[in-house]
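Descriptive analysis of the structure
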Amino acid sequence: MNSVLRPIACVLFLQWLISPTASSQEPALQIPLRSQSVWTTSRITGSPDPAPPLMTARRFPHLKFERPLLVRTDPQAKRLYVAEQSGRIYSFPDDDKTDKPNVFLNLRDEWPRLTPHSGAAGIQDVYGLAFHPKFPDVPFCWVTYTLRSKQPGNHLEDGTRLVRYRVTIDGEGIPRCDPTSEQLLLTWLQGGHNGACLEFGPDSCLYISAGDGEVPNPPDPRDAGQDISNLLSTIMRIQVSTEDGSGHPLYTIPPDNPFVDVAGARGEIWSYGFRNPWKMTFAPDGELWVGDVGWELYEMVYRVQRGGNFGWSIMEGPQPVRPDARRGPTEILPPAIALPHTDAASVTGGYVYRGHRFPELTGTYIFGDFETRRIWSAEFDGRKMVTLTDLVAPSLRLVAFAEDASGELLLLDYDDGTLHEFRRNPSRDANTEFPQSLTQTGIFDDTRSLTPADGVLPFEIQLPEWADGAQSSRLLAVPGTEPIQVLRNPVRRDNWMLRERMRFATDSVLAKTITLTDDSGRDIRLETQVLHFDGHDWKGYSYVWNPQQTDAILSPAEGTLIKLRDYGNFSDRQNWPVHSRGECQRCHNQWIGGLLAFTIPQLNTDKPAHQLQTLKELGWLTGDIPESESSHRLHRAQGRLLNQDRGLEPNSVPGVMKAARSYLDVNCAHCHQNGAGGTATIDLRQDIAVDRMGLIDSPPAQGTFGLTNPALIRPGQPASSVLLYRLAVTGRGHMPHIGSTRPDVEGIRLVRTWIESLENEPRHIEKYNPEEIRRAVELKDTSQAIQLLMAIEDGSVDLPQRDRILKVAREASPEIRGLFDHLQPAEFRIKVRHRISPDQILTLNGNPENGQMLFAHKRLQCKSCHQLHGDGGTVGPALDDVGKRLTRQKILESLLEPSRHIEPEFETWTSITKDGRAFTGIIVSRTDATLVLRDAKSEIHEIPQIEIEEMNRQAVSMMPERLLEELSDHEIASLLEFLVNQQSTPVARKP
């Protein structure tokens, strides 16, 4: 259909969609026309936020690499070097006209000629490259790489290697690395976290980073973080040798390394307590900065000190992870920067800026995030961060920084394999007229009744993603008369065609209004999410409905919380999180084209009849739209099973695999496909062959959660399948990370049925009989817990047994507790949230007896720091009269934000001695002769003043941040009530 006819056609289709007489037959095109049919009322253009000060632009436009991990310059800054993950390292001159790099070292193909290893099948990854500080006069470089085990899933104990090579310069002045000159210096465990960054320091020593060598979950299973008897979780410092003759050591340990004289310690260690240090650099003042990839809540940046302990896995930045685990010999130091996972998910360490193009950035630390694609500059006053600025709009999958010959920063994009630089952003102004309310957007004729404006089209999709039980209605608004063009990507991957991409007119909008049914059956509008195409990317905004349901107001960029008690009667939930704009970008990422619901498979639905075909005929879509319906209706079986066929029984529903695959596609594949953000190497798109998904019998790379015989999917064994556990658990480990905090019981049942059906003769041994259930008095095994959960969901557990299991689960490990959370009474549920609402807690009536038990419970460790009636630790203030000294609100504030106000006598100080030891604690006494500190374990350290080189006051309290994260609001209210009741005169404190 010619696009000039679209104004008439779209009105016919719109009226047919909203007509109460619409049927499954062809659209009734006799409906009278409206007076206006083109969307002309839009006010959504530009952005409500000022543009960031800088932008990224491509450097070296003729160069592109495959999965690069490293970029750096040589000491003379004449050439750049890029290392590809697979083992090739290239060099090229620092000239934008360069059109072809030169091979510097080809480890992948040279593997058979390298230092032999009987258990290895080849090179796995190349991580680090460093040249001698006097290169090329001293023609050596050092490289770190990992080996791939012959046994899939095995970790080689010596699989991470630091080696030395000789470098020659050919007749054309091009450096070449001689693979036959390889000499092995150091090895350590090859595993999930290798670190393996290399930097020469201003002292001419070589610094090497190493992670904990393991999967993310459970955290630090080898207890490596605080163990200085091995090289894991450390930054090492060695003095390298350039001697060629045999008998000469390839490195020596500097005598001033901090643990040289400590029995059982590895002398190479300079600092420790890192999880996965990803990129480190020296600042112009000689200080070492490192980015450390976090676990569940934070990403960290550290300013590394001699002998420094940076906490893993006792701490993850400011939050405790395993507070009772064995600690290292030095005190834990706080991070310079700790970013919550709402802002970052995989930090990439950067540089202290010393270029000339942007003088306002001089001295700031510039770093980024691999997952959220954000890049920041951090400014410090001494050791305290005072500003953190977003420098660019998120765009690059940033894997590494480097400095070019002029000292300007280069940025390496892992996905595209391209190099970029910073440039000033010519457009900085925000659109001051960007709609602040939903009414002002022009999407609706009448916002209260959700009546769309002329030219705005309602549409349906095959299968909505799980959104914690909420429902959604969807609208499409495209300005002008040009149709949306469907582009077929000709690239094939694994013999499967990549999905369609669509080309929209600038300022096109997709809107989704989310409603939640309260206890009285009323549908409450919570937010309308708007995706706006700015001509380059899809940007997400949320409008929060008022309790009167008359209009919605633009949410702030950082997101917000909706207090459900203001909207209706919700007995099983308190808040609804409205995501930040950065979180929107994590799912609506460039790799999947930005759109999750408006896709050809989703639009090809029978309700309304022939929607996809009609969209094409009426001019809304044009291009290469597949005619075959069968290959693009993969969501339909899933929709029918979830929406109609409740009470699924294993292997009784035809097409269960197609349905389960569709469920995983809609809820998971936007992250879990190559390059889209999920860290697990799996592909959950529905049109990928099962044997190419990376699921079946695959070892879990992101943690086993205590499962027996674990695999991502173990055919016929749901209780050994990590994927099912991830869907079923609440709290840590739950998937998906964004958009859902509650398990989808029906969806889990569907995936479970699929896993059971994967075995030729499905076994039913996992179902517990009543006698076995009665014997399950403890829950110490996660697979056993899943089996019991399935028995409860199947109805094979009577009510008394069910209550007893739930009671036991409340005291079980977090991995097990989270499986039963959705079955628990509301007051015992884990509250997964972006932020705790103090106002909500202050309205609750807590139980002081329960608060007293929480105060003494090992979950919080309150007594280890605070004395009450003469009993407890002495790190923090005594709490005998806390209810007299502080208001209820101030007590709650001190619990939720312990670093917001720190009483002077409880400020934390770090003392650095002249021999490099670090002591952190509160000052007990200070004289001209001696400093006395009390550390977090209440241990006393007496330090002669003559030995102290530096004293630094810390900006954070020794009380951990987010200590109450996993408590329910009722539990926090009970702890608060207990503390409020403490109003007696303090007894003498124990020393």
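Since the structure is predicted, the reported quantities are computational estimates derived from the model, not experimental observations.

A few words on the packing of aromatic side chains. Inspection of every chain in the model, using the stated rule, returns 30 aromatic pairs. With centroids separated by 5.8 Å and ring planes inclined at 70°, the aromatic side chains of Phe-259 and Tyr-272 adopt a geometry described as edge-to-face. Remark: Tyr-272 occurs in strand E14 (residues 269–272) and Phe-259 occurs in the loop between strand E13 (251–252) and E14; sequence separation between them is 13 residues. Judged by relative accessible area, Tyr-272 falls into the buried class, the value being 0%. When the centroid spacing of 5.1 Å and the interplanar angle of 90° are considered together, the rings of Phe-459 and Phe-598 count as edge-to-face. Of this pair, Phe-459 sits in strand E30 (residues 456–459) while Phe-598 sits in the loop between helix H4 (581–587) and helix H5 (600–603), placing them 139 residues apart in sequence. The class of Phe-459 is buried, set by a relative accessible area of 7%. Assessed through its relative accessible area of 3%, Phe-598 is described here as buried. Grouping aromatic residues by their ring pairs yields a cluster made of Trp-289, Tyr-365, Phe-367, Trp-376 and Phe-380.

Okay, the confidence of the model for the protein chain next. Of the residues in the protein chain, 84% reach a pLDDT of 70 or more, and the chain-wide mean stands at 82. With pLDDT under 50 throughout, residues 1–36 is counted as low confidence; its partners more than four residues away or in other chains account for 66 contacts.

To continue, consider the pattern of salt bridges. For the coordinates displayed, the defined rule picks out 35 salt bridges. One salt bridge connects Arg-59 with Asp-404, and the closest N-O pair in it is separated by 3.3 Å. Taken together, the residues Arg-59 in strand E1 (residues 54–59) and Asp-404 in the loop between strand E25 (398–403) and strand E26 (409–413) connect sequence positions 345 residues apart. A salt bridge links Glu-756 to Arg-752, with the nearest nitrogen and oxygen atoms 3.4 Å apart. Here Glu-756 pairs with Arg-752, and both are found in helix H10 (residues 745–757), just four residues apart, close to one helical turn. The exposure class assigned to Arg-752 is buried, which follows from its relative accessible area of 8%. Three or more residues are tied together by salt bridges with common partners; here these are Arg-59, Asp-94, Asp-96, Arg-357, Asp-404, Glu-421 and Arg-423.

Time to look at the pairing of strand E7 (residues 140–149). Looking along a regular strand, one sees the side chains alternate between the two faces of the sheet. Taken across its ten residues, E7 has nine buried, putting it largely inside the fold. Note: strand E6 (residues 120–131) against E7, nine bridges, orientation antiparallel. Bridge assignment links Ala-130 to a residue of E7, and that residue is Trp-142. Pairing of E7 with strand E8 (residues 160–169), which is carried by seven bridges, proceeds in the antiparallel orientation. Among the inter-strand pairings, Thr-144 is bridged to a residue of E8, identified as Leu-162.

Scoring rules and cut-offs
Residues numbered from 1 in each chain as written. Predicted model: local features only at pLDDT ≥ 70, side-chain atom pairs only at ≥ 80, totals over all residues. Heavy atoms only, no water. Phe/Tyr/Trp six-rings, centres within 6.5 Å; stacked < 30°, edge-to-face > 60°. Helix = DSSP H or I, 4+ residues; strand = E, 2+ residues; numbered from the N terminus. Buried < 20%, exposed > 50% of the residue type's maximum accessible area, 1.4 Å probe, protein only. pLDDT = per-residue confidence, 0-100. Contact = heavy atoms within 4.5 Å. Salt bridge = Lys/Arg side-chain N within 4 Å of Asp/Glu carboxyl O. Pairing = 2+ DSSP bridges.

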